[in-house]
Every structure is written in structure tokens, then in C-alpha cells.
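# Structure assessment
Here is how the chains run, residue by residue.
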Amino acid sequence: SSWSESVADGQIVTRYVLDGKGRVDIQYLDPYSGETANRKERVYPGTLVEVEGEATLVWDVDNDKVGMIVLTPEFEEGGKLILVAGFLVALIAGLVAGTGG
């Protein structure tokens, strides 16, 4: 499945892929040529996407059954980011400890 979102001129948008895989197509106005340009990127868990200025982000999920979790700035409010970061550190430490024997 896919969805899109718009970024207003002068706005900075940050997105963090927590889970899932896919692609994001960033359609923006090139400041040097003045023409519309595209930047396509593969996204995986841990990918940080930052866009500044007028643009459209078109997200496409690789596997509809698995989906994709994309965090927005509102997620960062209330210390939730610290909770998720702590969880990820604990998960990675557990995986490393489990494979280290």
C-alpha cells in the first residue's frame, strides 16, 4: 500500500522508520534549476528522512501484511522517544548477548 504527505514551504519534516521496509519518493522543487525533481530512497527500520521546504513524500510499503511504522514529530513529545530508544537498545543488547554465547 502507499500514502502521501505534503510539506509546506519553509517547513522541516522529520520521519523515522521504526519497522517495515519500503520506498519513499520525495518530489520537490530544485532550488537551483527551479524545476520539479525526485529523490527516491529505500527505507528500512532505523532510516531517518528529513525534508525541508515544499515537497511531497510518497511512501510505498514492500509488504502490505507486515506494514510500516513511521514516527512523526508528535511521537517525540512526552518522552516517548526515550522509551522507544531504550527498548531498541535493550533489544539489540539482548540479540548481541544471545549470539555471543
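The preceding data block contains the structure.
A brief structural summary. If you're wondering where the values come from, they're calculated on a predicted model, not measured in any experiment.

### Looking at the sheet that holds strand β5 (residues 48–52)
Spatially, β5-β2-β7 is the arrangement adopted by the three strands of the open sheet, whose pairing is antiparallel. Each end of this open sheet is capped by a strand with a single partner; those strands are β5 and β7 (69–71). Put simply, the sheet's adjacent strands are angled 25° from each other on average, direction ignored. Inspection of the sheet shows strand β2 (residues 12–19) paired to β7 by three bridges, in the antiparallel sense. Directly across from Y16, in β7, lies its bridge partner L71.

### Let's talk about the pattern of salt bridges
Should the charged atoms of two oppositely charged side chains come close, the side chains can pair. Throughout the structure, instances matching the rule amount to four salt bridges. Among the salt bridges present, the one from E5 reaches R15, with a minimum N-O distance of 2.7 Å. With E5 in strand β1 (residues 2–7) and R15 in strand β2, this residue pair connects regions lying 10 residues apart in the sequence. No difference in accessibility class separates E5 from R15, as the two residues are buried.

### With respect to the nonpolar core
Formed by 13 residues in total, the largest nonpolar core has its most connected members in V24, I26, V43, V49, V51, L57 and W59. At the level of secondary structure, the elements contributing two or more residues to this core comprise β2, β3 (22–29), β5 and β6 (55–61). In terms of residues, this core owes the most to one element, β6, which gives four residues. Sequence-distant contacts of V24, defined by excluding residues within four places in its chain, comprise R39, K40, E41, V43, V49, L57, V58 and W59.

Calculation criteria
- Residues numbered from 1 in each chain as written.
- Predicted model: local features only at pLDDT ≥ 70, side-chain atom pairs only at ≥ 80, totals over all residues.
- Heavy atoms only, no water.
- Pairing = 2+ DSSP bridges.
- Helix = DSSP H or I, 4+ residues; strand = E, 2+ residues; numbered from the N terminus.
- Axes fitted to C-alpha atoms, helices over the stretch in contact; angles between N-to-C directions.
- Salt bridge = Lys/Arg side-chain N within 4 Å of Asp/Glu carboxyl O.
- Buried < 20%, exposed > 50% of the residue type's maximum accessible area, 1.4 Å probe, protein only.
- Core = buried A, V, L, I, M, F, W, Y, C linked by side-chain atoms within 4.5 Å.
- Contact = heavy atoms within 4.5 Å.

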